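# Structural description and commentary
As a plain string of letters, each chain reads:
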Amino acid sequence: METPLSNSGNPPVKTAHRAPLALSGLDFKLLKVFKAVVEAGGFSAAQNELNVGLAAISKQISDLEIRIGMRLCTRGREGFHLTEEGRLVYQASIDLFASVDNFRDRLSSAQNELIGDLGIGVIDNTISDVNSPLVAALKRMNEESPKVRFQLQATQLDEVERGVVEGRLVAGIVPVYQRREEFDYYPLYEERSEAYCAVGHPLFDMPEAQMGSDVLLDHACINHRYAIHRDKLNHARYDSFSASATQVEAVALLIKTGRFVGFLPQHYAATWVAAGQFRAVRPQVINIVTPFSLILRHNTVRSPLVKAFAHALGVDLKATA
């Protein structure tokens, strides 16, 4: 259990006419620690990321609070929480390090060498999609710019979008169910999903000739909470969604019970189909095609790193769609 911060009682005293903080190398280090703690969700969770112990992290955050004269966070039995000042400092630190990265990128570009961190968010369970250009793009960038450090995060759609909005990620590769004004979208490829059942389900051994186009209407289906597939309602009734899942793997687990039908990406389900455990239900009729795009935050300067990554993906940043 985490121990309280030494200043978890009264916040640091704010002086009425405090001089502006002149950032030093130590301040940059402390701000990096604070940013890592926030993004990890707490002091304990940040230990692996920072490779230091809990006591050292606590002292560094306390030192930062003293230096800037603000209480940034609280922690204890009720968990880790940012104060209003902490949220302000966290967002300012994102902007600060983004500016530093952009400065470094411009210098390295002038030297014809890319250096820096490239934070990319990608949807989980897309590694098996041969249409995705990501692996080839990462390989090409590493060969051409070996000093670029990749920070790749595979997670859910809302986490990727949030990371790009907040500046923790410079780019995301995501399925596009509906567009948001915070992003510019650059089309990459399409993913095909089909409806699957498993061994033990009534549809698994049914001859396809006996299946009508509305065959799913009489069977329990899985609601994909991570995807807004309006096309699903062409094949299944909304009230037939008797189970829900928030990730692709969770959908597969429910399908494996033999009690539900669910939509899965064709590339992801291929292993179970080949093993004779899953079957696509009328795939020529019942399928959904989802576009994937590179997303960048709207109205932001495209750094040389971002331009190089987009080029490796085969994307023209001069045109959005």
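In the block above lies the structure referred to throughout.
Predicted model only: the values in this text are computed from it and were never measured.

Reading the values: the criteria
Residues numbered from 1 in each chain as written. Predicted model: local features only at pLDDT ≥ 70, side-chain atom pairs only at ≥ 80, totals over all residues. Heavy atoms only, no water. Buried < 20%, exposed > 50% of the residue type's maximum accessible area, 1.4 Å probe, protein only. Helix = DSSP H or I, 4+ residues; strand = E, 2+ residues; numbered from the N terminus. Pairing = 2+ DSSP bridges. Expected span 1.5 Å × (residues − 1).

With that settled, the discussion passes to unusual backbone geometry. One non-glycine residue, Asn51, lies in positive phi territory at about 60°. Note on Asn51: relative accessible area 69%, which makes it exposed.

Attention now goes to the pairing of strand β6 (residues 183–198). Along any regular strand, the residues point their side chains to alternate faces of the sheet. With twelve of 16 residues buried, β6 is to be regarded as a mostly interior element. In terms of strand pairing, β6 meets strand β11 (residues 287–297) through eleven bridges, oriented antiparallel. Note on β11: the bridge partner recorded for Pro187 is Ser293. Where β6 and strand β9 (residues 262–265) come together, four bridges link them in antiparallel fashion. Opposite Glu194, over in β9, you have Leu264 as the bridge partner. Sheet analysis places β6 next to strand β10 (residues 278–280), joined by three bridges and oriented antiparallel. Its bridge partner lying in β10, Cys197 is registered against Arg279.

Here we take up helix α1 (residues 25–40). In a regular helix each residue adds 1.5 Å, so 16 residues correspond to 22 Å; α1 covers 23 Å between its end C-alpha atoms and thus fits that length. Every buried residue belonging to α1 is among Asp27, Leu30, Leu31, Val33, Phe34, Lys35, Ala36, Val37 and Val38, and all of these are buried. Gly41 occupies a position one or two residues after α1 and carries a positive phi of about 90°.

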